[in-house]
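Working through the structure, step by step
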Amino acid sequence: AAEQQARARPAPGVVVAEATAGEVERVVSAVGTGRALRSVELRFAVGGRVTAIQFRDGDPVSTGDPLATLDDGSERAALAVAQAELAEAKAAFDRASALQEQGRTTASVYDSAKAAMLRAEARLDAARTDLGHMILRAPFNGVTGFSEIDEGAVVSTSTPVATLEDISQLDVEFMVPERFFGEVELGAPVRARTSIFPDETFVGEVEAIDRRVDEVSRSFLVRARFANPGLRLPAGVFMQVDLVMGSRPGVIAPEEALVTEAGDVHLYVVTPDDTVERRAVTVGGR
C-alpha cells in the first residue's frame with residue numbers, strides 16, 4: 001500500500017531554462033569614482049573690488065567666456081596714458097628717422113628715439129595686460145560650481161571665485177589585482193554602472209596603467225575614460241566597473257541549476273523524451 005501511495009504522488013515541479021552557446025567574458029570587477037577631465041579653482045590674477053558676476057551656478061561655459069569683473073577704472077586710465085605716450089614716442093621717432101635720412105641728425109639721437117618708442121610700446125602692452133587681468137575668463141570649456149563671492153566684495157589673488165570642471169569625459173581610477181598586470185592593455189573595454197542611472201551601462205576604455213604595484217594591497221591602479229554626452233554624470237559619481245580581459249566560446253546556463261556534491265559539479269538535463277539525466281560539468285567564470 002505504501003508503494004502504491006508513493007507511485008501516486010505527483011512529479012516534483014521544476015523550472016527549465018535554456019543553456020546557450022556564446023562568448024564568455026573574463027572580467028575584473030572593481031569600484032571607482034568618476035573625476036572630471038580637468039578641474040581648476042578660479043581666482044583673479046590681481047586683487048580688487050568685484051563689479052560684476054557673469055555666470056550662474058552650475059552653468060556650462062566656453063573657453064574665454066567672462067565670468068567676473070573687477071573695478072578697472074585705474075587700469076583704463078593707465079592704458080590711455082600709455083597710448084598717448086606711444087603716440088608721442090612714435091612721432092618723435094618718425095621725425096628722427098626723417099632727419100637721419102637727410103643727414104641732419106646723429107645716430108645717437110635716432111637710437112634714443114627708437115628706444116623711447118620701444119619702451120612706450122612695452123608700457124602699452126603692460127597696461128593692456130593689467131586691464132585684461134580685471135576680467136576673469138574661463139580657461140576651458142566646462143561647468144562652473146557655486147559662486148563664492150558677491151558683487152562689491154574686495155578680493156585678493158588667494159580668494160576663490162568658483163570651480164570650473166570639464167566633465168565632457170570622466171576618468172575613473174580603480175585597483176586591479178597584480179596577477180592581471182600582464183593582461184591589461186591600453187584601449188581595453190571597460191563597462192561602468194552607477195546608481196544614478198541603474199538601468200544604463202556606460203562604456204569606456206583603459207586610458208592609463210600605473211607601472212607600480214601597491215605593496216600592501218598587491219594591486220595596481222588603472223584609469224579608464226568614459227564619454228559623458230549631455231553632461232549627465234557629475235564629477236565625483238561612484239561607479240562600479242567591469243574591466244573586460246578577453247572572451248572565449250562557452251556554454252551559458254543559470255547558476256541556480258548547478259549542483260555541487262563532494263567537490264563535483266553537475267546539473268540535470270532534459271532529454272528529447274522528457275526524461276532527466278545527470279551530467280557533470282566544468283564551471284568557468286561566474
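This text gives an overview of the structure that appears in the document. (Residues numbered from 1 in each chain as written. Predicted model: local features only at pLDDT ≥ 70, side-chain atom pairs only at ≥ 80, totals over all residues. Heavy atoms only, no water.)

1. Considering the overall build of the chain
Worth spelling out the cut-off: Helix numbering and strand numbering both begin at the N terminus, where a helix is a DSSP run of H or I of at least 4 residues and a strand a DSSP run of E of at least 2. Values of the radius of gyration come from C-alpha atoms, whereas the globule rule sets the reference at 2.2 Å times the count of residues to the power 0.38. The buried label goes to any residue with under 20% of its type's maximum accessible area, the exposed label to any with over 50%, and the partly exposed label to all in between, with areas taken from a 1.4 Å probe on protein chains only.
The helix and strand inventory of the chain stands at three helices and 15 strands. Taken over the C-alpha trace, the chain has a radius of gyration of 36 Å; the compact-globule value for 286 residues is 19 Å, which it surpasses by more than 25%. By its C-alpha atoms, the chain is 140 × 45 × 40 Å across when sized along the principal axes. Within the chain, the proportion of its 286 residues that are buried is 28%.

2. Remarks on unusual backbone geometry
Located in the positive-phi region is leucine 231, a residue other than glycine, with phi close to 55°. A relative accessible area of 37% means that leucine 231 is categorised as partly exposed.

3. A few points about the packing of aromatic side chains
As a reminder of what qualifies: Between 30 and 60 degrees the pair is tilted, below 30 it is stacked and above 60 it is edge-to-face, where a pair is any two Phe, Tyr or Trp rings, Trp via its six-membered ring, whose centres lie within 6.5 Å. The criterion is that NZ of a Lys, or CZ of an Arg, lies within 6 Å of the ring centre and within 35 degrees of the ring normal, and then a charge sits over that ring.
Within the structure shown, the criterion is met by three aromatic pairs. Ring geometry for phenylalanine 93 and tyrosine 110: centres 5.4 Å apart, planes at 40°, overall tilted. Residue phenylalanine 93 is found in helix H2 (residues 73-102), and its partner tyrosine 110 is found in helix H3 (residues 107-132); the two are separated by 17 residues along the sequence. One exposure class covers both phenylalanine 93 and tyrosine 110, and it is buried. The interplanar angle of 75° and the centroid separation of 4.9 Å between the aromatic rings of phenylalanine 181 and phenylalanine 220 together place this pair among those described as edge-to-face. With phenylalanine 181 in the loop between strand S8 (162-177) and strand S9 (189-194) and phenylalanine 220 in strand S11 (residues 219-227), this pair connects stretches of sequence that are 39 residues apart. Lying over the aromatic face of phenylalanine 197, arginine 232 brings its terminal NZ or CZ to 4.1 Å of the ring centre.

4. A word on a nonpolar patch on the surface
Heads up, the condition is: For patch detection, residues must exceed 30% relative accessible area and be free of salt bridges, and they are connected within 9 Å for like charges or within 5 Å for nonpolar side chains (Val, Leu, Ile, Met, Phe, Trp, Tyr). For the accessible areas, the method is Shrake-Rupley and the probe is 1.4 Å, while residue cover comes only from the protein chains on display. The rule for a salt bridge is simple: a side-chain nitrogen of Lys or Arg has to be within 4 Å of a carboxyl oxygen of Asp or Glu.
Together, Val14, Val16, Tyr268, Val270 and Val276 line one region of the surface with nonpolar side chains, adding up to about 520 Å² of accessible area. Considering the arrangement of structural elements, one finds valine 276 in strand S15 (residues 276-280).

5. Brief notes about H2
Rules: A helix is expected to span 1.5 Å multiplied by its residue count minus one. For this analysis, residues touch if any pair of their heavy atoms sits within 4.5 Å.
Between its terminal C-alpha atoms H2 stretches 44 Å, which fits the 44 Å expected from 30 residues at 1.5 Å a residue. The complete set of buried residues in H2 reads Leu79, Ala82, Leu86, Ala89, Phe93, Ala96 and Ser97. Considering only its buried residues, H2 is in contact with H3. Positioned one or two residues after H2, glycine 103 has a phi angle of 75°, which is positive.

6. A closer look at the sheet that holds strand S2 (residues 48-53)
Our working rule: Any two strands are treated as partners once DSSP identifies two or more bridges connecting them.
Ordered by their spatial adjacency, four strands build an open sheet running S5-S4-S2-S7, and the pairing between neighbours is antiparallel. Looking at strand neighbours, the two that pair on one side only are strand S5 (135-137) and strand S7 (154-155), the edges of this open sheet. As judged from the three bridges shared by S2 and strand S4 (residues 66-70), these two strands associate in the antiparallel manner. Bridging from a neighbouring strand, isoleucine 53 pairs with alanine 68 of S4.

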